[in-house]
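# Reading the structure
Each chain, letter by letter, is given below.
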Protein chains: 4
Amino acid sequence: MINVGVIGSTGYAGQQLVWFLHRHPQVKISFLSSHNHTGNPFSNTYPNYRNFMQNICIDIHEAEQQLSTIDVLFIALPHGKSFELAKKALALNVKVIDLGADFRLKDAALYKDWYDLDHGCPQLLPEAVYGLPELHRDKIKKANLIANPGCYPTASILALAPLLKEQLVIEESIVVDAKSGVSGAGRTANIATLYTECSESIKAYGVASHRHTPEIEQELSLLNGSSFCISFTPHLVPMNRGILATCYGSLRKKITKEALHDYYQAFYQNEYFVRVIDTIPETRNVKGSNLCDIGLCIDERTGRVIVISAIDNLIKGAAGQAVHNMNLMFELEEIAGLDVLPMIP
Amino acid sequence: MINVGVIGSTGYAGQQLVWFLHRHPQVKISFLSSHNHTGNPFSNTYPNYRNFMQNICIDIHEAEQQLSTIDVLFIALPHGKSFELAKKALALNVKVIDLGADFRLKDAALYKDWYDLDHGCPQLLPEAVYGLPELHRDKIKKANLIANPGCYPTASILALAPLLKEQLVIEESIVVDAKSGVSGAGRTANIATLYTECSESIKAYGVASHRHTPEIEQELSLLNGSSFCISFTPHLVPMNRGILATCYGSLRKKITKEALHDYYQAFYQNEYFVRVIDTIPETRNVKGSNLCDIGLCIDERTGRVIVISAIDNLIKGAAGQAVHNMNLMFELEEIAGLDVLPMIP
Amino acid sequence: MINVGVIGSTGYAGQQLVWFLHRHPQVKISFLSSHNHTGNPFSNTYPNYRNFMQNICIDIHEAEQQLSTIDVLFIALPHGKSFELAKKALALNVKVIDLGADFRLKDAALYKDWYDLDHGCPQLLPEAVYGLPELHRDKIKKANLIANPGCYPTASILALAPLLKEQLVIEESIVVDAKSGVSGAGRTANIATLYTECSESIKAYGVASHRHTPEIEQELSLLNGSSFCISFTPHLVPMNRGILATCYGSLRKKITKEALHDYYQAFYQNEYFVRVIDTIPETRNVKGSNLCDIGLCIDERTGRVIVISAIDNLIKGAAGQAVHNMNLMFELEEIAGLDVLPMIP
Amino acid sequence: MINVGVIGSTGYAGQQLVWFLHRHPQVKISFLSSHNHTGNPFSNTYPNYRNFMQNICIDIHEAEQQLSTIDVLFIALPHGKSFELAKKALALNVKVIDLGADFRLKDAALYKDWYDLDHGCPQLLPEAVYGLPELHRDKIKKANLIANPGCYPTASILALAPLLKEQLVIEESIVVDAKSGVSGAGRTANIATLYTECSESIKAYGVASHRHTPEIEQELSLLNGSSFCISFTPHLVPMNRGILATCYGSLRKKITKEALHDYYQAFYQNEYFVRVIDTIPETRNVKGSNLCDIGLCIDERTGRVIVISAIDNLIKGAAGQAVHNMNLMFELEEIAGLDVLPMIP
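Residues numbered from 1 in each chain as written. Chains lettered and ligands numbered in written order. Predicted model: local features only at pLDDT ≥ 70, side-chain atom pairs only at ≥ 80, totals over all residues. Heavy atoms only, no water.

As annotated in an unreviewed UniProt entry, chain A carries the name N-acetyl-gamma-glutamyl-phosphate reductase and is attributed to Geosporobacter ferrireducens. As recorded by UniProt, the Pathway (unreviewed entry) comment attached to chain A reads in full: "Amino-acid biosynthesis; L-arginine biosynthesis; N(2)-acetyl-L-ornithine from L-glutamate: step 3/4." Note on chain A: under the UniProt heading Subcellular location (unreviewed entry), the record states "Cytoplasm". (UniProt positions renumbered as here; feature names shortened; annotations may be inferred.)

If you want it as structure tokens, here you go:
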């Protein structure tokens, strides 16, 4: 059994992680920490677990003292909060999977630019692995520190990776117009995410300034072999879960839809969690699962390719991917604990 | 392995049933039938199953010809459509679990009254068992024909059963005010259940005339030992899943909340799927699971007890309960295939 | 022109009030106060008013200093906050319409019981008029202090008033099962009313303890001529607006549906804002308007009458009714400013 | 008074039109036609109008016979159905405002390409005026036949018009990623638009093939003085109303956000219904009104401008704009009947 601890277990991503860890056949949850719910049963905050989860939430200090009892630490905290914890865990040979943003950007200066914060342990960046299994499986297997990708980047990179790997599109032409459910905003008392403020409305936010932008650029540039900028616009949609990324790029040369589809199929042929489909993705078709659906269109009139991807933001965009990474790091079956089909409606 | 066939697999209840059968470790799906989607892959209608379910939907005649290859037939059709199928299956020693209404009422005349249709095989009614495991477990184990309870009756009966077993309330005082998500209306093209007709609104329907009423009365009267009528009012709520039943009854004599809670706990102490809780149920806490949450309040000012139950209408109210019944009939572990926690948000 | 001031203008009820006052042909808004948004343009908080409302929110102290410039003060504050303001305004001969709870209960001891707070000016209670125009029109016309009814009481009392006026039902048999949209919870940062906590779920709350209960009982008892208790259960529904009240009562003697309908029609025949309908109400049919729809069913099997009412909680349940009261107090046309049809979908 | 007739009055756009016509001070509704509800009171289909609208729906033949009694005919039918009606009405000197697509494209061959249908009266195309008042006010005033713009084109053209008028962006770089509420799909029994199929999900549809594309291109090319293609992708969002259009274009040369904002302000300075705002639009801020909010961002990293517009698809995108056109054609005050503020929440 793998002994695990979760920091930030009562946020939505943390809780979703607990959901998968609870059902994982090779995992034992050693502790759950929660800043806001210390001392209370986890199932008070999330009554869906009533009868099935007895853990009492501990605070972060107690969690630190229990680090030596676990094999892997999951950190689901806002950015800037993982530095010290990761250092301490790694020093004790505890593997770390950080669901936050602190180790995603390879360049500490870039982190400072986008997060307006000095990076707290740049010395760890070289060993941190960007935990997108479809792109970095081998490195993940050997990693001790995983930067679990952001939700938008997961959807965006999976949609665009094949195009950039083969330089099929003009890099500067790329536009990612992404739409997310409200759970992406977290479980924090906030007027902007009240039911009455979100339902019956859609809006863009963080236009030309969202912090997931450099993460997408970093990974796509790495694949493409050249550095470039994209336009990324997130939107808030009145639904609990799901991200749909509509990605546009101008094709370098003509390609048929069939050829493109075959290429995507081949690119992802060994990937259990990626489905290249011949229809247009809907987030409902992946809701509740670790799957990513990718659909392809070619707009012959404009010479653009439009790639649309759909994920469950809390699962493939956070907790499910984190468990996938753990499975790789501990040489478990990749889908262990993650074999859940999407549930409709 | 248990070989199963599903008639009506592309309705919402049928599809949810497929979801659980697919993950059930001791089940092999032999065939899926669908009137509207005959000849098409099941995963075309429900793309959430893409890559994971290869079945092509067959029509009902083909299904009949394959009856001899299966151990149990699930029927998820509108009322009035199960008579012939059930007869044929039982004649071939195939067990039948009918998710529809045709075998729920013991009295064929009552069926005629409420469904405005002559019962097609009253001779089968004596052997049909009302498939609510918490009340009829032993009979279910020996049954060949299960009448799987309606969604509203499941929530209502589980809420009220302990009260009636001990005649704690005045029977005629009972009011069940129930609220359901839209999936209860099925996957049929219908203006009344369009997004634009249901969202941002709530309404009652079938007031004093809903067909689930006699089913609730039958089971409660059986427990109580006397015959009586209740008031039952269903409502349509803008959500996909879930039923909340708010049940009112006038107490015969005073009882403390603690005593009542203890009694309910004892009544359901061996029931994995029923949680007697000390807070007020919300449907989200059971969504995606076969659980039923029950909360209790005593209104001392009026001498009423208010029992509130929450279920997922497609699972505990239909497909999950059907699988539970199958598990009992085939002496499998009761929770086989059903060990899924509710997913929030 | 009537000069008006609004205290608590940036809550949902306050804002809805501004919406109607802005379009009212005989009203001039003198000031808007807001605790949380003092010093900011009202249209920053509510950008729907951009270009159409130039007011800067002031604080309550400044508002007090401007009392002498207005004819009527609307107070939309939480309970316990209106005592001093009302006293000051009345002393200056400014009429007061309080959308909060402070002057609704005639009995200061009852207020203390339910609100756990000593009443701050019981001496004003005798002159306060419960502002339900359909019941108290004449008193409202002469009043200086209006206690604007709560949202649930408005729906419940209008549904039940005709029954109690003629003692058609056994008083103790009354059960009101009410369902409200989330705006009823106000515009406050609160985890429980986040989109992700409310959508796809329904729950009861305040069971047998909600503070609107004594208000309903007071008004119904007044009509009926005897004192009694009812059971009242509010529920939270995933929609922005609307209250549906499903009201049950045991009939004293048989009455046909037609006779009952005729009686209700006659009872409300001069009421512009009440529609006695021959179908079952849905909240969408009154959304955005000051209307109340009332539908009637008789359950012959149980001898109960079921009366269902639907209102827009922010309008007939708060702001619209407040404006209606103002119109009466100032001898304006009753529907002035309120002539807005419900908008579907 | 202007006497008006409405063909297709029980669709969502038709009904919204009735809503505004009913409140319009200078309009008398002569007849409402409805294919599906002929012979029934309009308020049976839309109970929000109960007591306030007595019209019985007539069929189209009866409507044709009443053409001589009206001044203007509104047609809200699917494409391909307006040709004959328009001809007949115009022949009787009745002005025509067609909310459908039949007269929007100036080029009958283009109509054939996109709608797969021969144009039924190309001879009327030269006199048809594209009814976007902000661009074609003068022509609208003199027109007898108005092609009321599509919902997506209204949002897209208003967002992009100033950019193209001054050739600020490279035309071929334009991408319009648009999101619509479900009412855009109409009030037709259809599985794809059931509550249970749309809620908790977002999807794209009609990618690179939606029929509103050539309409957007026609109007933008006209402004720009050159012909070009854009990429247009519509999405379906779980909300009743609203369109958000996120429009991307590569700037020809640098411009500051302030300068761009000033230019947009100047461009729309006399437009009552267009608000150029300094924040990011949300559809809720225009819901229930004829307003269009436009927000501007410049992405300096990529050299793109991102213009976001928000409208209520049934109002500014259909019925409200139709009434605006009528006001212009009959020399009424432009905002007559349309002076309704957005309602939140």
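### Brief notes about the interface of chain D and chain A
Chain D puts 49 residues into the contact, and the matching count from chain A is 49 residues. Note on chain D versus chain A: buried area summed over both sides is about 3900 Å², and carbon and sulfur give 54% of it. When the buried surface of chain D facing chain A is broken down by residue, D:Glu200, D:Ile202 and D:Arg301 rank first, second and third, together holding 19% of it. Joining chain D to chain A, the criterion identifies six salt bridges. We note a salt bridge from A:Arg284 to D:Glu197, for which the minimum N-O separation is 3.1 Å. Summed over the shared surface of chain D and chain A, the result is 34 residue pairs in polar contact (both at pLDDT 80 or more). Counting residues per element, the ones that place at least two in the side of chain D that touches chain A are β7 (175-180), α8 (195-198), β8 (203-204), α9 (213-224), β9 (231-236), β10 (243-250), β12 (292-299) and β13 (304-311) of chain D. (Contact = heavy atoms within 4.5 Å. Buried area = accessible area lost by both parts, 1.4 Å probe. Salt bridge = Lys/Arg side-chain N within 4 Å of Asp/Glu carboxyl O. Polar contact = N/O pair within 3.5 Å; in protein donor to acceptor, adjacent residues only side chain to side chain. Helix = DSSP H or I, 4+ residues; strand = E, 2+ residues; numbered from the N terminus.)

### Here's the deal with the relation of the copies chain C and chain B
Note on the copies: chain C fits chain B at an RMSD of 0.0 Å, the axial shift is 0.0 Å, and the rotation between them is 180°. Overall, the copies show the geometry of a two-fold rotation axis. Judged by C-alpha distance, C:Pro238 is the residue of chain C that lies nearest the rotation axis, at 3.2 Å. In this assembly, 100% of the residues forming the interface of chain C have copies in chain B that are likewise at the interface, indicating an isologous arrangement. (Least-squares fit on C-alpha atoms with pLDDT ≥ 70 in both.)

### Looking at the interface of chain C and chain B
If you look at the interface, chain C gives 49 residues, while chain B gives 49 residues. Three residues, C:Glu200, C:Ile202 and C:Arg301, lead the burial of chain C against chain B; their summed loss comes to 18% of the area buried on that side. Linking chain C to chain B there are six salt bridges. At the boundary of chain C and chain B, one finds 34 residue pairs in polar contact (both at pLDDT 80 or more). At the level of secondary structure, the elements contributing two or more residues to the side of chain C that touches chain B comprise β7 (175-180), α8 (195-198), β8 (203-204), α9 (213-224), β9 (231-236), β10 (243-250), β12 (292-299) and β13 (304-311) of chain C. In terms of residue count, β7(C) provides more of the side of chain C that touches chain B than any other element does, four residues in total. A breakdown of the residues in the side of chain C that touches chain B according to their chemical character gives 23 nonpolar, 12 polar and 14 charged. (Nonpolar A, V, L, I, M, F, W, Y, C, P; charged D, E, K, R; others polar.)

### A look at the environment of C:Asn55
Residue and element names in this part refer to chain C. Tracing the sequence through the fold places Asn-55 in the loop between α2 (42-45) and α3 (60-65). Put simply, Asn-55 and Ser-289 are 234 residues apart on the chain and 25 Å apart in space, counted from C-alpha to C-alpha. The contact partners of Asn-55, leaving out residues within four places of it in the chain, are Ile-29, Ser-30, Phe-31, Leu-32, Asn-40, Pro-41 and Phe-42.

### Remarks on the domain arrangement of chain A
Residue and element names in this part refer to chain A. The assigned domain composition of chain A is domain 1 (2-148 + 316-329) and domain 2 (152-315). Between the C-alpha centres of domain 1 and domain 2 the distance comes to 24 Å. Each side of the interface is counted separately: domain 1 has 28 residues, and domain 2 has 34 residues. A buried area of about 2600 Å², summed over both sides, lies between domain 1 and domain 2, and 58% of it is on carbon and sulfur atoms. (Domains from an automatic or database assignment.)

### Thoughts on the relation of the copies chain D and chain A
Relating one copy of the chain to the other takes a rotation about an axis and a shift parallel to that axis. Least-squares fitting of chain D to chain A yields an RMSD of 0.0 Å, with the transformation described by 0.0 Å of translation along the axis and a rotation of 180°. Taken together, the interface assignments show that 100% of the residues at the interface of chain D recur at the interface of chain A, consistent with an identical surface on both copies.

### Side note on the pairing of strand β9 (residues 231-236) of chain A
All names here are of chain A. Burial analysis of β9 places six of its six residues in the buried class, which makes it a mostly covered element. Because side chains alternate across β9, one face comprises the buried residues Ser-231, Thr-233 and His-235, and the other comprises Phe-232, Pro-234 and Leu-236, equally buried. Across six bridges, the pairing between strand β7 (residues 175-180) and β9 is parallel. Each residue of the ladder has a partner; that of Val-176, found in β9, is Phe-232. Of the pairings in the sheet, the one linking strand β8 (residues 203-204) to β9 comprises two bridges and is antiparallel in character. Along β9, the bridge assignment pairs Lys-203 with Leu-236. (Buried < 20%, exposed > 50% of the residue type's maximum accessible area, 1.4 Å probe, protein only. Pairing = 2+ DSSP bridges.)

### Notes on the packing of aromatic side chains
For the structure on display, the rule yields 50 aromatic pairs over all chains. Taking 4.9 Å as the distance between ring centres and 75° as the angle between the ring planes, the aromatic pair formed by D:Phe267 and D:Tyr268 counts as edge-to-face. On the accessibility criterion, D:Phe267 (23% relative accessible area) is partly exposed. Through a chain of ring-to-ring contacts, three or more aromatic side chains come together here, namely A:Phe83, A:Phe103, A:Tyr111 and A:Tyr115. When the ring centre of A:Phe330 is taken as origin, the NZ or CZ atom of A:Lys95, which lies over that ring, is 5.8 Å away. (Phe/Tyr/Trp six-rings, centres within 6.5 Å; stacked < 30°, edge-to-face > 60°. Lys NZ or Arg CZ within 6 Å of the ring centre and 35° of its normal.)

### What to know about the UniProt feature "active site" (unreviewed entry) in chain A
All names here are of chain A. Under the present numbering, the feature "active site" (unreviewed entry) in UniProt falls on Cys-151. Note that Cys-151 resides in helix α7 (residues 151-165). Cys-151 has contacts with His-212, Ile-243, Ile-311, Asn-313 and Gly-317, leaving out every residue within four places of it along the chain.

### Some thoughts on the sheet that holds strand β8 (residues 203-204) of chain B
Strands in a sheet are paired, the pairing made by backbone hydrogen bonds, and the direction either parallel or antiparallel. All names here are of chain B. The sheet built from seven strands is open, its strands ordered β8-β9-β7-β10-β13-β12-β11 with mixed pairing. The sheet terminates laterally at β8 and β11 (274-277), the two strands that pair on one side only. Pairing of β11 with strand β12 (residues 292-299) involves four bridges; the strand directions are parallel. For Val-274, the partnering residue across the bridge sits in β12 and is Cys-292.

### A short note on the side chain of D:Arg284
Counting through the fold element by element, D:Arg284 comes out in the loop between β11 (274-277) and β12. A distance of 3.0 Å separates a polar side-chain atom of D:Arg284 from the backbone oxygen of A:Thr196. Not counting residues within four places of it along the chain, the set of residues in contact with D:Arg284 comprises A:Thr196, A:Glu197, A:Glu200, A:Ser201, D:Pro342, D:Ile344 and D:Pro345.

### Brief notes about the environment of C:Asn325
Residues and elements named next belong to chain C. Tracing the sequence through the fold places Asn-325 in helix α11 (residues 315-329). Look past the residues within four positions of Asn-325 in its chain and what remains in contact with it is Ile-97, Gly-131, Pro-133, Ile-140, Ile-146 and Asn-148. Among the polar contacts made by the side chain of Asn-325, one reaches the main-chain carbonyl oxygen of Gly-131 at a distance of 2.9 Å.

### Quick notes on the pattern of salt bridges
If you walk through the whole model with that rule in mind, you get 68 salt bridges over all chains. Taking the shortest distance from any N to any O, the salt bridge between A:Glu197 and C:Arg187 comes out at 3.2 Å. With A:Glu197 in helix α8 (residues 195-198) and C:Arg187 in the loop between β7 and α8, this pair bridges two chains. Among the residues examined, A:Glu197 registers a relative accessible area of 10% and is labelled buried. The salt bridge involving C:Lys179 is made with B:Asp177; its shortest N-O contact spans 2.9 Å.

### Structural notes on helix α1 (residues 12-23) of chain A
Between the first and last C-alpha of α1(A) there are 17 Å, a value that for 12 residues agrees with the 16 Å anticipated at 1.5 Å per step. Within α1(A), nine of the 12 residues are buried, which leaves the element mostly enclosed by the surrounding structure. Looking only at α1(A), the buried set comprises A:Tyr12, A:Gly14, A:Gln15, A:Gln16, A:Leu17, A:Val18, A:Trp19, A:Phe20 and A:Leu21. Among the structural elements, β1 (2-7), β2 (27-33), α2 (42-45), β3 (72-75) and α11 (315-329) of chain A together with α8 of chain C are those in contact with the buried residues of α1(A). (Expected span 1.5 Å × (residues − 1).)

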